[in-house]
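The primary structure of each chain is shown beneath.
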Number of protein chains: 2
Amino acid sequence: MPEERHPDHAPLELEHFLPYRLSILSNAVSQAIADDYQRRFDLSMTEWRVMAVLARFDGLSAREVAERTLMDKVAVSRALAKLVEAGWVTRATHDGDKRRSVLGLSEAGWAVHEIVAPMAREHERNLLSRLDEEERTWLLRILDKLQAIEPK
Amino acid sequence: MPEERHPDHAPLELEHFLPYRLSILSNAVSQAIADDYQRRFDLSMTEWRVMAVLARFDGLSAREVAERTLMDKVAVSRALAKLVEAGWVTRATHDGDKRRSVLGLSEAGWAVHEIVAPMAREHERNLLSRLDEEERTWLLRILDKLQAIEPK
DNA sequence: TGCAATTGGTTTCATATGTAACTATAACGC
DNA sequence: GCGTTATAGTTACATATGAAACCAATTGCA
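Residues numbered from 1 in each chain as written. Chains lettered and ligands numbered in written order. Predicted model: local features only at pLDDT ≥ 70, side-chain atom pairs only at ≥ 80, totals over all residues. Heavy atoms only, no water.

Visitor: Hey, could you run me through the overall build of chain A in this one?
Guide: Within chain A, the secondary structure is distributed over six helices and two strands. In sequence order, the secondary structure elements of chain A are arranged as α-α-α-α-β-β-α-α. For 152 residues, the compact-globule estimate of 2.2 N^0.38 gives 15 Å, and chain A exceeds it by more than 25% at 20 Å. Here chain A holds 152 residues, and the buried ones make up 45% of them. (Helix = DSSP H or I, 4+ residues; strand = E, 2+ residues; numbered from the N terminus. Rg over C-alpha atoms; globule rule 2.2 N^0.38 Å. Buried < 20%, exposed > 50% of the residue type's maximum accessible area, 1.4 Å probe, protein only.)

Visitor: Would you mind showing me how to read the interface of chain B and chain A here?
Guide: Interface size is commonly expressed as the accessible area that is lost once the parts come together. Taken together, the contact between chain B and chain A spans 64 residues of the former and 64 residues of the latter. Together, the buried faces of chain B and chain A total about 6500 Å²; carbon and sulfur atoms form 62% of this surface. Its largest share of buried area at the contact with chain A, chain B owes to Arg21, Arg121 and Arg130 of chain B, together 12% of the area lost on that side. Joining chain B to chain A, the criterion identifies eight salt bridges. Linking chain B with chain A are 24 residue pairs in polar contact (both at pLDDT 80 or more). The leading source of residues in the side of chain B that touches chain A is helix 1 (residues 18-41) of chain B, at 14 residues. Split into classes, the residues belonging to the side of chain B that touches chain A amount to 36 nonpolar, nine polar and 19 charged. (Contact = heavy atoms within 4.5 Å. Buried area = accessible area lost by both parts, 1.4 Å probe. Salt bridge = Lys/Arg side-chain N within 4 Å of Asp/Glu carboxyl O. Polar contact = N/O pair within 3.5 Å; in protein donor to acceptor, adjacent residues only side chain to side chain. Nonpolar A, V, L, I, M, F, W, Y, C, P; charged D, E, K, R; others polar.)

Visitor: Looking at this structure, I do not really get the side chain of Ser23 of chain B. What am I missing?
Guide: Mapped onto the fold, Ser23 of chain B is located in helix 1. For Ser23 of chain B, a relative accessible area of 7% gives the class buried. Apart from the residues within four sequence positions on either side, Ser23 of chain B is in contact with Ser26, Ser30 and Arg49 of chain A.

Visitor: Is there a simple way to think about the environment of Ala92 of chain B in this case?
Guide: All names here are of chain B. Within the fold, Ala92 resides in strand 1 (residues 89-93). Put simply, Ala92 and Val102 are 10 residues apart on the chain and 5.0 Å apart in space, counted from C-alpha to C-alpha. Ignoring anything within four residues of it in the chain, the contact list for Ala92 reads Arg100, Ser101 and Val102.

Written out as structure tokens, the structure is:
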């Protein structure tokens, strides 16, 4: 049953190697979306992710944003610098703890969100439309299992 | 049936957004593997990909390597510089066309390959072992469909 | 209290990556 | 043949990213 197709040390066929395939697919998908809002708002993927979590959770600190986006704090710090500068995110200092910042979307930030969120969803729909209902169900289930441990 | 759970402009839930999930998973997987051979051979992911295709296709030109790895030619050029320097890849000039290089793994390069390829396969096996046979079959089928168009 | 250890966040530096410009060679059209 | 155009590959520059050092505020605890 193992078929013994390739001994373990045989040259890898990248196009059949799962991590490679995931990487290519993921990059293509994310890049296509990012290109879209990058052109319209000069917004990087990391910056958009920060805005997305602030849209859901108002008042987070930078560290909390980092947790929710799985970005490191340096990346978050930089994204915030640009977003605050652009006027899309507001930053105040926490009452009881002067180290912490209190972040949120500004009016202008919400306006951007209002446009970008549907764009992102549209891309996702497009992608999923290549699958039938059964495949979509399996995909979600498989992703759940694969992600169960990995994202350390 | 559409359930109308979130209007199109509602805040995105990143953790349920397919492109985001793919990105997180893919990065976690690739990084885990890369860490492994990076530590042992100071070999970057792009460099390893170049070695992998040269293991399969001896004598390629740099452009052909770029095509097979989906990397751009600058990235390939840089990877090759390091690999040739390290003595893992040999570079000659094409007979009939002095622009073209003729690339291949050196003895030492094969020795590295002999170690890294099994490491990579081991990681892949590990990942796939979280799925049962049916899920694995669906996954491959789904990847085929999702990749059909995307990687422009 | 008072000082060591921790935490939130930014800055610095070294490295990686992408785009455009550039060099050398080869192919094409006449 | 000879100028134009295309191709293989490298270099230069500008930007992105990650790790470690850093600063300031807070916490833990003798």
